[in-house]
Amino acid sequence: MTGIVNRGAAAALRGRPEGPLRAQCEVLASDRIGAYHSLTFVAPEIAERARPGQFVSIGVDGSGTVLRRPFSIYQVGEHGPSVGTVDVVFDVLGPGTAWLAGRGMHDLVDLVGPLGRPFVLPVQPVSCLLVGGGYGAAPLLFLAQALQREGLRVDMILGAASEERVFNAMRAKRLSASAVFTTDDGSLGEQGVVTDVFERVVDGAGTGVVYACGPMAMLAATAAKSKARDLPCQVAVEEQMACGTGVCWTCVIPVQREHGLSNVRACTDGPVFDAARVAWRAIGTTAMSDLGACGRQERT
């Protein structure tokens, strides 16, 4: 995105170690946040490298599958007794996440991370709107902390099917100047979806940039709303990733390029993308070979 990089923040990060690591990490805590599970890992080197929007790939030994699972980084411990920790949040959807939900204190779990491209912070002192769906809001709370450290205003819209599936509403309130919640059943906040309140929040907050994470349909709708208001928008996509390192090409996303569409990998070229470049209507409708993905390593 043009003019979006925060040069001060980029300069501060230049001295930080970069690149993913693999480590056997001890579980420090296992908790529930509403309908979701959270795990806190002792992972000091991964925590030191992590930035909002990145993820870790976790080995789920004993789940009956050899495939690893990607999880967005919810927060890292920077102070006090939690320093050097990495938190992830997930829903139990199959044997892999069920195995992970069964991990307890002192269990060792295989982590690789941080992986992927992070969110890019604004260069100007603009108001930032964060839009999340379900536990897709988790990396946005990590982002909110980074934006606050830059002295930027943060507003949030979080939505889900029901109150228990809105992720950590209390923490969202603490991290934002305003937080609006929507639920399909009206059990928390306003009945409806996040885009129903988008224009109202943008007008009230004087939004200058939008960040979003959640289901693909929600991201597409938020991207369209942002485009209509001429607002730069970054989205963190939630794609299935078999390897998490760009080898398998199972997590491709179609993007607009000068001469048509091309596939890029969500795990290495993302998971954060400029929403204006994503070919939302082509997602799930075209084969990799049609978009020239095989043998090509596109960058956005």
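What counts and how
Residues numbered from 1 in each chain as written. Predicted model: local features only at pLDDT ≥ 70, side-chain atom pairs only at ≥ 80, totals over all residues. Heavy atoms only, no water. Pairing = 2+ DSSP bridges. Helix = DSSP H or I, 4+ residues; strand = E, 2+ residues; numbered from the N terminus. Buried < 20%, exposed > 50% of the residue type's maximum accessible area, 1.4 Å probe, protein only. Arc of directions from axis to C-beta. Contact = heavy atoms within 4.5 Å. Salt bridge = Lys/Arg side-chain N within 4 Å of Asp/Glu carboxyl O. Polar contact = N/O pair within 3.5 Å; in protein donor to acceptor, adjacent residues only side chain to side chain. Axes fitted to C-alpha atoms, helices over the stretch in contact; angles between N-to-C directions.

A.B. asks: Which parts of the structure should I look at to understand the pairing of strand 13 (residues 252–257)?
C.D. replies: Every regular strand shows the same layout, with side chains that alternate between the two sheet faces. Direction of pairing for strand 13 relative to strand 14 (residues 260–265): antiparallel, over a ladder of 6 bridges. Looking across to strand 14, one finds that Pro254 is bridged to Asn263.

A.B. asks: Please explain helix 6 (residues 198–205) as it appears in this structure.
C.D. replies: Every α-helix carries 3.6 residues per turn, so stepping three or four residues along brings you back to the same face. Among the residues making up helix 6, those that are buried are Phe198, Val201, Val202 and Ala205. Viewed along the axis of helix 6, the buried residues span an arc of 100°, placing them on a single side of the element. Those residues of helix 6 that are exposed and angled more than 90 degrees off the buried face are Asp203 and Gly204. Buried residues along helix 6 sit against strand 7 (127–133), strand 8 (154–160), strand 9 (178–183), strand 11 (207–213) and helix 7 (216–228). In the stretch just after helix 6, Gly206 is the one whose phi turns positive, near 65°.

A.B. asks: Hey, could you run me through the pattern of salt bridges in this one?
C.D. replies: Side chains that carry opposite charge are capable of pairing whenever their charged atoms lie near each other. Tallying each qualifying case throughout the model produces 10 salt bridges. A salt bridge links Glu78 to Arg149, with the shortest nitrogen-to-oxygen separation between them at 3.4 Å. Here Glu78 is found in the loop between strand 4 (69–76) and strand 5 (85–90), whereas its partner Arg149 is found in helix 4 (residues 138–149), with 71 residues between them in sequence. For Asp155, the salt bridge goes to Arg153, with nearest N and O atoms at 2.7 Å. For Asp155, a relative accessible area of 0% translates into the label buried. On the basis of relative accessible area, Arg153 is assigned to the partly exposed category, the value being 37%. Shared partners join several salt bridges into a network, and the residues in it are Arg22, Arg68 and Asp110.

A.B. asks: What should I look at first to understand the environment of Asp196 in this one?
C.D. replies: Tracing the backbone through its elements, the reader meets Asp196 in the loop between strand 10 (190–191) and helix 6. Taking the relative accessible area as the measure of exposure, Asp196 reaches 52% and is therefore exposed. At 2.9 Å, the side chain of Asp196 forms a polar contact with the backbone nitrogen of Val193.

A.B. asks: What's the story with the sheet that holds strand 12 (residues 233–236) in this structure? I'm lost.
C.D. replies: Through backbone hydrogen bonds, the strands of a sheet pair up, either in parallel or in antiparallel fashion. Taken together, the 7 strands give an open sheet; going across it, the order is 10-9-8-7-11-12-15, and neighbouring strands pair in mixed fashion. Strand pairing shows two members of the sheet lacking a second neighbour, strand 10 and strand 15 (272–274), which therefore form its edges. With 2 bridges connecting them, strand 9 and strand 10 associate as parallel partners. Counterpart to Thr183 in the pairing with strand 10 is Gln191. Its contacts with the sheet place helix 6 against strand 7, strand 8, strand 9, strand 10 and strand 11, and it is angled at close to 155° to strand 7. Along the sheet, helix 7 makes contact with strand 7, strand 11 and strand 12, crossing strand 11 at roughly 170°.

A.B. asks: Before we go on, may I ask you to explain the environment of Ala23 in this structure?
C.D. replies: Residue position: Ala23 is located in strand 1 (residues 21–33). Setting aside residues up to four positions removed in sequence, Ala23 forms contacts with Val109, Asp110 and Leu111.

A.B. asks: Before we go on, may I ask you to explain the side chain of Gln54 in this structure?
C.D. replies: Inspection of the secondary structure assignment puts Gln54 in the loop between helix 2 (44–49) and strand 3 (55–58). Within the structure, Gln54 has its side chain in polar contact with the backbone nitrogen of Arg51 (distance 2.8 Å). Setting aside chain neighbours within four positions, we find Gln54 in contact with Arg49, Ser72, Ile73, Pro114, Leu115, Gly116, Arg117 and Pro118.

Shape descriptors only; they carry no functional weight alone.
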